[in-house]
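Commentary on secondary and tertiary structure
Listed below are the residues making up each chain.
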Amino acid sequence: MQTATGTLLIRNGQLVDGNGGLPVRDAAVVVEDGSIRYAGPAAAAPVLPPQTPTIDACGGTIMPGLVEAHFHPTYFNVAALEDLDIKYPVEYVTLLAAANARLALECGYTAARSGGSLFNIDVWLKKAIENGIAAGPRLAASGREICGAAGLMDWNPVYRKIGMEGLVLIVNGPDEARAAVRKLVKDGVEWVKTYPTGDAAAPDANDHHTLCMTFEEMHAVVQTAHNHGLKVTGHCRATEGIKNALRAGYDAIEHGTFIDDEGLEILLARDVPCVPALYFEQMSVERGPEFGLSKRVIEGHQETLEGGAESARRILRAGGRLGMGGDYGFAWNPHGDYAKELSFFVEYVGLTPLEVLTCATRTGAQIMGRGDEFGTLEAGKLADVLVVDGDPTRDIRVLQDRSKFVAVMQAGVVKAGRGLQPAAR
Ligand SMILES: [Zn+2]
């Protein structure tokens, strides 16, 4: 990935630094050789030569680039999960994933953590982005997801010959779980994504289905992954499944939908972050009928929506960490709508815009294990910056409107936004 050289000044806007404090009015950010040299009040900024290249924030906001904490670049806006496996060959899905990554960057997302990938595409997409041959968020890559036999992702009867091979590694028992992780180690993933529990969207493993993987399988996954320096997360909705995953040593929890007091206690004691991914549920309820979702499935999504919102509020209020990631890549929840997750957390869940912005920047970077490199605007960090003509601390919906983006920047290089100079791409 290209790093800018020289000095750049961003001025005439308020600073939201990602740490959760009140915005700094009339701020300036000075970028030097791709990193932040200064972020704070303009009055205290270092004096720069008059010809220093300058971005005018138009009286808007200078903030860290957003982090999508549950990103599926390889999900191509499907209406049925099994389409992921049978609709296109891997060659075409790779091209679609590259297009989705570029779109995410244009939407202000300068980093993202993969929540599961078809084949091993995300590992190579990440390399392509790092090598500057594709545009996209800095990526934490996961690979094929691990699921217990007959669990959430293994519902197709054998005679249909749909094995979901591109998406999941089906395991039976701890030995097979270890073997699956070792495959992923060789693939080069950073995160091992698993399916400990059910989901409203699944034909026969509903939200309260708690044992899509046994504790022994989860524990084997964690031990093997940690032995190789990989992190583990999982699709955790059901109460007991959440606790099993936390006790097995998971590094993050996706969804955490029906967490109880005991689960919350373990989550907080181990400081495990949770990525609720909830706007997906609202869209499943609202638009499900157009896409043929059954009444039972839609009722399940409604229950997940309410339970998930309550759990997210409790986790944050109790001092836990939430990442903002939306599971985009379904027909009713397509790529490009990423910032709708942020608006949803203000309007439906009841968090303040500043809380959501902190979750979507600093916490996202921490979940990626790169909190010391980006996620906040502070001296020494990479200049991954979003400059918006508007005030997301008053109206977070402005982040859904790409025409308001003055600049989307990675390491000081403007990659998107209306300030984009053709030569910069
Ligand atoms: Zn997902």
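Note that this is a predicted model, so its numbers are computed, not measured.

1. Let's talk about the overall build of the protein chain
- Within the protein chain, the secondary structure is distributed over 11 helices and 16 strands.
- For 425 residues, the compact-globule estimate of 2.2 N^0.38 gives 22 Å, and the C-alpha radius of gyration of the protein chain, at 21 Å, lies within 12% of that figure.
- In terms of principal-axis extent, the alpha carbons of the protein chain reach across some 70 × 45 × 40 Å.
- Considering the protein chain as a whole, with its 425 residues, one finds that 57% of them fall into the buried category.

2. Section: the sheet that holds strand E9 (residues 168-171)
- The six strands lie next to each other as E9-E8-E10-E11-E12-E13, forming an open sheet whose pairing is parallel. What marks the edges here is a single partner per strand, and that holds for E9 and strand E13 (274-275).
- For strand E8 (residues 145-148) and strand E10 (residues 191-195), the ladder comprises two bridges, and the chain directions are parallel. Bridge pairing links Cys147 to Tyr195 in E10.

3. Side note on the sheet that holds strand E5 (residues 66-71)
- An order of E5-E6-E7 is seen for the three strands of this open sheet, with the pairing classed as parallel. Two strands lie at the open edges of the sheet, namely E5 and strand E7 (138-140), each paired on one side alone. Between one strand and the next, the sheet's axes are offset by a mean angle of 20°, whatever the strand orientation.
- Contacts from helix H11 (residues 353-367) reach E5 and strand E6 (109-114) within the one sheet, and its direction differs from that of E5 by about 50°.

4. Some details on the nonpolar core
- In this structure, Ile10, Val29, Val192, Val221, Val385 and Val387 are the most contacted members of the largest nonpolar core, which totals 136 residues.
- No other element matches helix H2 (residues 90-106), which puts seven residues into this core.
- Built from parts of two domains, this core gets at least three residues from each of domain 1 (7-65 + 376-424) and domain 2 (66-338).
- If sequence neighbours within four positions are ignored, Ile10 has contacts with Ala28, Val29, Ile55, Ala57, Ile62, Val385 and Val387.

5. Considering helix H5 (residues 215-227)
- With 13 residues, H5 ought to run about 18 Å at 1.5 Å a step, and its terminal C-alpha atoms sit 18 Å apart, in line with that.
- Here the buried face of H5 lies against E8, E9, helix H4 (174-187), E10, strand E11 (231-236) and helix H6 (239-248).
- Just downstream of H5 lies Gly229, where phi reads positive at about 80°.

6. Concerning the packing of H6 against helix H7 (residues 261-270)
- Packing of H6 against H7 leaves a shortest axis separation of 9 Å and a crossing angle of 25°. The pairing of H6 with H7 is recorded here as roughly parallel in orientation. The way H6 lies across H7 gives a crossing that is left-handed. Contacts between H6 and H7 involve Thr239, Ile242, Lys243, Leu246 and Arg247 from the first element and Glu262, Gly263, Ile266, Leu267 and Arg270 from the second.
- Of the residues assigned to the contact of H6 with H7, the class counts are four nonpolar, two polar and four charged.

7. Topic: the domain arrangement of the protein chain
- Domain assignment breaks the protein chain into domain 1 (7-65 + 376-424) and domain 2 (66-338).
- The C-alpha centroid of domain 2 is placed 32 Å from the C-alpha centroid of domain 1.
- Listed as interface residues are 10 residues of domain 1 and, on the opposing side, nine residues of domain 2.
- Elements that contribute at least two residues to the side of domain 1 that touches domain 2 include exactly strand E15 (405-410) and strand E16 (413-416).

8. Comments concerning the pairing of E10
- In terms of burial, E10 is a largely internal element, five of the five residues being buried.
- In this sheet, E11 lies alongside E10 in parallel orientation, the contact comprising four bridges. Bridge pairing in E11 links Thr194 to Gly234.

9. A word on H6
- Burial runs high along H6: seven of the 10 residues are buried.
- For H6, every residue scored as buried is listed here: Gly241, Ile242, Lys243, Asn244, Ala245, Leu246 and Ala248.
- Where H6 is buried, its residues contact H5, E11, strand E12 (253-255) and H7.
- Once H6 ends, the next one or two residues include Gly249, with phi positive near 105°.

10. Structural notes on the pairing of E6
- The buried fraction of E6 amounts to six of the six residues, a majority that puts the element mostly inside the structure.
- The pairing of E5 with E6 spans four bridges and is classified as parallel. If you follow Glu68 over to E6, its bridge partner there is Ala112.
- Where E6 meets E7, three bridges bridge the pair, whose relative direction is parallel. Bridge pairing in E7 links Ala112 to Leu139.
- For the crossover that starts at E6, traverses helix H3 (residues 121-130) and ends in the parallel E7, the hand is right-handed.

11. Notes on the packing of helix H10 (residues 340-347) against H11
- Where H10 contacts H11, the axes come no closer than 9 Å and their chain directions differ by 140°. The angle between the axes of H10 and H11 places the two elements in the oblique class. The two elements H10 and H11 cross, and the hand of that crossing is right-handed. Across the interface between the two elements, Leu342, Phe345 and Val346 of H10 pack against Pro353, Val356 and Ala360 of H11.
- Residues that form the contact of H10 with H11 fall into these classes: six nonpolar, no polar and no charged.

Parameters and conventions
Residues numbered from 1 in each chain as written. Predicted model: local features only at pLDDT ≥ 70, side-chain atom pairs only at ≥ 80, totals over all residues. Helix = DSSP H or I, 4+ residues; strand = E, 2+ residues; numbered from the N terminus. Rg over C-alpha atoms; globule rule 2.2 N^0.38 Å. Buried ≥ 20, exposed ≤ 12 C-beta atoms within 10 Å, placed from the backbone. Pairing = 2+ DSSP bridges. Axes fitted to C-alpha atoms, helices over the stretch in contact; angles between N-to-C directions. Contact = placed C-beta atoms within 7 Å. Core = buried A, V, L, I, M, F, W, Y, C linked by C-beta atoms within 7 Å. Domains from an automatic or database assignment. Expected span 1.5 Å × (residues − 1). Parallel < 35°, antiparallel > 145°, perpendicular 65-115°, else oblique. Left-handed = near helix turned anticlockwise from the far one by under 90°. Nonpolar A, V, L, I, M, F, W, Y, C, P; charged D, E, K, R; others polar. Right-handed = clockwise from strand over helix to strand, strands pointing away.

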